[in-house]
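# Breakdown of the fold
Below are the chains, spelled out letter by letter.
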Amino acid sequence: MTRVNQAVIDMRSDTITRPTDAMREAMARAEVGDDVYGEDPTVNRLEAMAAEILGKEAAVFVPSGTMGNLISVLSHCGRGEEMILGDNAHIFYYEQGGSAAVGGVHPRTVPNLADGSLDLATVAAAIRGNDEHFPVTRLIAIENTHNRRGGTVLSVEYMDALGALAHERGLLLHVDGARIWNAAVALGVTPARLLENADTVSACLSKGLAAPVGSVVAGDRDFIRRARRMRKQVGGGMRQAGVIAAAGIVALDEMVDRLAEDHARARVLAAGLDELDGVSVDLASVQTNLVYFDVTRPDMTALDLATALTREGVRVIATGPQRLRAVTHYHISGEDIETALAAVPDVLARDSFEKGDGIVYG
Ligand SMILES: *Cc1c(COP(=O)(O)O)cnc(C)c1O
């Protein structure tokens, strides 16, 4: 039965979050200026706040996490130089190869382990020697939390060790911290501590924190100067951007601590799904707000299940032939989790179902 007159429970992503009332009020009142001249007081305030929270000298506001990673990589690496990153990294998988396409940066992938980490010995072995056959290794990029590994959290100890390895070998460490807030909340540490031994970070305001647009990039002053130039080069210099930065300030002020609620709901969802016949969940991977699960019914694909659930008003995405992703966020209540869990067994028990339709993100 198709749900009518009921709100869709949309767990495709935390990017679907809409700005809060407090954000809309702050946006309406925002003092603005031309940010390319550095004259937007609201953007300047957001950047100062982000730098402080992330424990870096300076920060720059960018339209998206993809641009944040792109200008970071391009500020660290020249054409033909190499970046070591995970084979399941968002930068490698979901950013259209921008660092290669735009910057000529050569990606050297090493396997992401089940917890999202990169084996330190494997990384060390991937660093190039000084020989004219090789590209010059400049950068290691790591993702925390790790999207394709289930929203897994890399510990302070791991981040410190990876930073130490990078610096011992004369390299830089960039963190794709789209969900660094989730990592910090899950670990009970400050983002600044988690990033203490990283050089640069890109962090999203527009995911779990519910701002409508934007990410922040942070690092030392010299890096941020270069990143601002690079942002302008790729068309990301915005003018009266205080209108959206105002929502980012509310996001950082009010929306970080509550991520623990999303994490608790993700655990409830994962445990409930794992009890059902026809799906399975790797519970150890459910550490933050992402729940990846597999359809185990042999005649049903992830797209079939996603399509059938959509008809029931529950939206998730297919990320592999048998794999799906559900994401908890600001608009998903405990009751929504119960409703979603109740819809799944009915769909899984059907004798016949329509073929799934849509995109597999993986
Ligand atoms: C979403 C995401 C990005 C990119 O952010 P956009 O704002 O969607 O461009 C980068 N890295 C990770 C891990 C992400 O989840």
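Scroll up a little and you will see the structure.
Residues numbered from 1 in each chain as written. Predicted model: local features only at pLDDT ≥ 70, side-chain atom pairs only at ≥ 80, totals over all residues. Heavy atoms only, no water.

A separate point is the layout of surface pockets. Considering only enclosed or pocket space, the largest pocket measures out at about 480 Å³ in volume. As for the largest pocket, its lining consists of 24 residues, of which S13, T15, H90, Y94 and K207 are closest to the centre. Tallying contributions element by element places helix α3 (residues 65-76) first for the lining of the largest pocket, with three residues. Across the lining of the largest pocket, the residue classes tally to seven nonpolar, 11 polar and six charged. Counting the residues that make up the lining of the largest pocket, at least three belong to each of domain 1 (9-15 + 258-348) and domain 2 (21-254). In this model, the second largest pocket occupies a volume close to 260 Å³. Lining the second largest pocket are 13 residues, with R12, R315, V316, I317 and D357 positioned closest to its centre. (1 Å grid on protein atoms, 1.4 Å probe; cavity = no way out; pocket = protein on both sides within 12 Å on 5 of 7 lines; lining within 4 Å. Points joined across faces, edges and corners; volume = space filled by probe spheres on them. Helix = DSSP H or I, 4+ residues; strand = E, 2+ residues; numbered from the N terminus. Nonpolar A, V, L, I, M, F, W, Y, C, P; charged D, E, K, R; others polar. Domains from an automatic or database assignment.)

Let us look at unusual backbone geometry. Of the consecutive residues N144 and T145, the connecting peptide bond is found in the cis state with omega at 0 degrees. You will see that A210, though not glycine, has its phi angle at about 75 degrees, which is positive. Relative to the helices and strands, A210 resides in the loop between β7 (200-204) and β8 (215-219). Exposure remark for A210: the relative accessible area of 0% places this residue in the buried category. (Buried < 20%, exposed > 50% of the residue type's maximum accessible area, 1.4 Å probe, protein only.)

Another aspect to go through is the side chain of H146. Tracing the chain through its elements places H146 in the loop between β5 (137-143) and α7 (156-168). Within the local environment of H146, its side chain forms a polar contact with the backbone nitrogen of R148, the two atoms lying 3.4 Å apart. Among all residues touching H146, those that are not within four sequence positions of it are N88, A89, N112, G116, G151 and T152. (Polar contact = N/O pair within 3.5 Å; in protein donor to acceptor, adjacent residues only side chain to side chain. Contact = heavy atoms within 4.5 Å.)

This part covers the sheet that holds strand β13 (residues 323-327). Strand pairing in a sheet relies on backbone hydrogen bonds. The paired strands run either parallel or antiparallel. Spatial ordering of the open sheet is given by β9-β10-β13-β12, a layout of four strands whose pairing is antiparallel. Two strands in the sheet have a free side with no partner beyond their single neighbour: β9 (279-281) and β12 (317-318). Direction of pairing for β9 relative to strand β10 (residues 290-295): antiparallel, over a ladder of three bridges. The partner of S280 across the bridge, within β10, is D294. Its contacts with the sheet put helix α12 (residues 259-274) on β9, β10 and β13, and the angle it makes with β9 is roughly 135 degrees. (Pairing = 2+ DSSP bridges. Axes fitted to C-alpha atoms, helices over the stretch in contact; angles between N-to-C directions.)

Right, let's get into the side chain of T319. Residue position: T319 is located in the loop between β12 and β13. In this structure, T319 is in contact with R148, Y292, L324, R325, V360, Y361 and G362, ignoring residues within four places of it in sequence.

The next point concerns the site of the ligand. All residues adjacent to the ligand are S64, G65, T66, N69, H90, E95, E143, D176, A178, R179, C204 and K207. G65 places a polar main-chain atom, nitrogen or oxygen, 2.8 Å from an oxygen atom of the ligand. Contacts to the ligand include R179, whose side-chain N or O atom sits 3.0 Å from an oxygen atom. Contact with the protein chains removes 85% of the 380 Å² of surface that the ligand exposes when unbound. More than half of the atoms of the ligand fall within 2 Å of the grid points belonging to the largest pocket. Top element by residues in the shell around the ligand is α3. It accounts for three residues. Here the residues of the shell around the ligand sort into two nonpolar, five polar and five charged. (Near = heavy atom within 4 Å. Areas by Shrake-Rupley, 256 points an atom, 1.4 Å probe, with all protein chains shown as cover. Sits in = over half its atoms within 2 Å of the grid points.)

Turning to its location among the elements, D351 is positioned in the segment after α14 (334-348). With a relative accessible area of 78%, D351 lands in the exposed category. Residues D351 and G278, 73 residues apart in the sequence, show an inter-C-alpha distance of 13 Å.

Read these as layout, nothing more, since geometry by itself doesn't imply function.
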